[in-house]
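Residue-level listing of the chains:
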Amino acid sequence: MPSVSTSASATAEHAFTNPQDALHRIRELAHSNRDFANSLRHSHSTEEAAELAGAHGISIKPEVLWRHRGTLLSGGLPTWPG
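Model, not experiment: these values are computed from the prediction.

1. Considering the packing of aromatic side chains
Enumeration over the complete set of coordinates arrives at 0 aromatic pairs. Between the NZ or CZ atom of R69 and the centre of the ring of W66, over which it lies, the distance is 3.8 Å.

2. A look at a negative patch on the surface
Residues E47, E48, E51 and E63 make up a contiguous surface patch of negative charge. Here the negative patch takes 3 residues from helix 4 (residues 46-55), the largest share from any one element. Relative to the elements of secondary structure, E48 occurs in helix 4. Judged by its relative accessible area of 33%, E48 falls in the partly exposed class.

Definitions and cut-offs
- Residues numbered from 1 in each chain as written.
- Predicted model: local features only at pLDDT ≥ 70, side-chain atom pairs only at ≥ 80, totals over all residues.
- Heavy atoms only, no water.
- Phe/Tyr/Trp six-rings, centres within 6.5 Å; stacked < 30°, edge-to-face > 60°.
- Lys NZ or Arg CZ within 6 Å of the ring centre and 35° of its normal.
- Patch = residues over 30% accessible without salt bridge, like charges linked within 9 Å, V, L, I, M, F, W, Y side chains within 5 Å.
- Areas by Shrake-Rupley, 256 points an atom, 1.4 Å probe, with all protein chains shown as cover.
- Salt bridge = Lys/Arg side-chain N within 4 Å of Asp/Glu carboxyl O.
- Lys, Arg positive; Asp, Glu negative; His and termini not counted.
- Charge placed at Lys NZ, Arg CZ, Asp CG, Glu CD.
- Helix = DSSP H or I, 4+ residues; strand = E, 2+ residues; numbered from the N terminus.
- Buried < 20%, exposed > 50% of the residue type's maximum accessible area, 1.4 Å probe, protein only.

Here it is in structure tokens:
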């Protein structure tokens, strides 16, 4: 029978952050961290943006970013090609 810590770590490893929470965290980080905001603004794809967020501890699927393109930063950015 697996221990509780093994089960908990396995669950955390495969868990994704709540999409709304992740989007909120991305917006907050972009507001407080100019380098992150510039990198997000200049990302070429939702996959690249998701990897950038992941490097900052935010798990988000590219599909969620796609649905919210143009709403993460001021000025309607980022926009990714379809």
